[in-house]
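Breakdown of the fold
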Amino acid sequence: MRIVIADDAVLLREGLVRLLTESGHQVVAAVGDGDALVEAVVAHRPDVSIVDVRMPPSHTDEGLRAAVEARRLVPRSPILVLSQYVEVSYADDLLATTGGAGGGIGYLLKDRVAAIDEFLDALRRVAAGGTVLDPEVVGQLFARRRRDDPLRELTPREREVLSLMAEGRSNTAIARALVVSDGAVEKHVRNIFTKLTLPPDTEQHRRVLAVLTYLRN
């Protein structure tokens, strides 16, 4: 494979170059900042890029933002991100770049590089268009999404009502389907609006917002 490496830690960068070269791959560029990564991806169109999340100048998310920009300029360009820690928001942003057009995305903790066969296998899978996520990243993504789920406060009955609202049913039709009174449905709908923190507005507008929230989750 033709590979680009972006990591500001010289020892790790050179170690990766040596590992990949000895494994039969060609490192077409090894850079230390986000701008250079974007330039290298555009110039070389590598089979896969290995990118550190935190790079100069602020050492926050430059690597990730550069990876997103590289995928914008070279659509579906495979990216394997390496990070010292689980950066859940960064992992979410990275996964969002797939846009439903396939994978070619990986997010591993740097400790995984020590397991050479596992690391090289992950690199091959990402280059082939797969998605590879560190088990610890997966666990924290699920935990975060459970915390952020706006539907988590709804009771099972309220979820049923919202599901029927999403089918375009009126309160009367929902009442018939659940064999309850119109008044009971109206109470459930008010509770849904309150728990989803939908501001007072026309009834129809809030129904649309509630349904959109349901469909997104």
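This text gives an overview of the structure that appears in the document. Fair warning: this is a prediction, and the values are worked out from it, not measured in the lab. (Residues numbered from 1 in each chain as written. Predicted model: local features only at pLDDT ≥ 70, side-chain atom pairs only at ≥ 80, totals over all residues. Heavy atoms only, no water.)

Looking now at the nonpolar core. Ranked by internal contacts, the top residues of the largest apolar core, which has 27 residues, are Leu37, Val51 and Val81. When contributions to this core are tallied by element, the ones reaching two or more residues are strand 1 (2-6), strand 2 (26-31), helix 2 (34-44), helix 3 (62-73), strand 4 (79-83), helix 4 (88-96) and strand 5 (105-109). Sort the elements by how many residues they give to this core and helix 2 lands first, with five residues. Setting aside chain neighbours within four positions, we find leucine 37 in contact with Val4, Ala6, Val31, Ser49, Val51, Gly63, Ala66 and Ala67. Leu20, Val48, Ala122 and Val126 belong to the second-largest nonpolar core, a separate cluster that totals 18 residues. (Core = buried A, V, L, I, M, F, W, Y, C linked by side-chain atoms within 4.5 Å. Buried < 20%, exposed > 50% of the residue type's maximum accessible area, 1.4 Å probe, protein only. Helix = DSSP H or I, 4+ residues; strand = E, 2+ residues; numbered from the N terminus. Contact = heavy atoms within 4.5 Å.)

As a further point, take the packing of helix 7 (residues 156-166) against helix 9 (residues 182-195). How two helices pack is summed up by the angle between their axes together with the distance between the axes. Two numbers describe how helix 7 lies on helix 9: the axes approach to 10 Å, and their chain directions differ by 95°. In this view, helix 7 runs roughly perpendicular relative to helix 9, as classed from their interaxial angle. From helix 7, Arg157, Glu158, Val161, Leu162 and Met165 reach across to helix 9, where they touch His188, Val189, Asn191, Ile192, Phe193 and Lys195. A per-class count over the contact of helix 7 with helix 9 returns six nonpolar, two polar and three charged. (Axes fitted to C-alpha atoms, helices over the stretch in contact; angles between N-to-C directions. Parallel < 35°, antiparallel > 145°, perpendicular 65-115°, else oblique. Nonpolar A, V, L, I, M, F, W, Y, C, P; charged D, E, K, R; others polar.)

Further remarks concern the packing of helix 2 against helix 3. Contact geometry for helix 2 and helix 3: axes closest at 9 Å, N-to-C directions at 25°. Between helix 2 and helix 3, the crossing angle belongs to the class labelled roughly parallel. The handedness of the crossing between helix 2 and helix 3 comes out as right-handed. Note on element contacts: helix 3 touches helix 2 through Gly63, Ala66, Ala67, Glu69, Ala70 and Leu73, opposite Gly34, Leu37, Val38, Val41 and Val42. In terms of residue class, the contact of helix 2 with helix 3 is made up of eight nonpolar, two polar and one charged. (Left-handed = near helix turned anticlockwise from the far one by under 90°.)

Take the sheet that holds strand 1 next. In spatial order, the strands read 2-1-3-4-5-6; together these six strands make up an open sheet with parallel pairing. A strand with exactly one partner marks an edge of an open sheet, and here the two such strands are strand 2 and strand 6 (131-133). For this sheet the average axis-to-axis angle between neighbouring strands, irrespective of direction, equals 15°. The sheet contact formed by strand 1 and strand 2 spans five bridges and is parallel. Note that in strand 2 the partner of isoleucine 5 across the bridge is alanine 30. Against the sheet, helix 2 touches strand 1, strand 2 and strand 3 (48-52), its axis set at about 150° to strand 2. (Pairing = 2+ DSSP bridges.)

Here helix 9 spans 20 Å end to end across 14 residues, near enough to the 20 Å set by a 1.5 Å rise per residue. Those residues of helix 9 lying buried are Val185, His188, Val189, Ile192 and Phe193. On an axial view of helix 9, the arc spanned by its buried residues comes to 140°, and they lie on one face. What points out from helix 9, more than 90 degrees from its buried face, is the exposed set Lys187 and Thr194. Just past helix 9, the residue threonine 197 takes up positive phi, approximately 50°. (Expected span 1.5 Å × (residues − 1). Arc of directions from axis to C-beta.)

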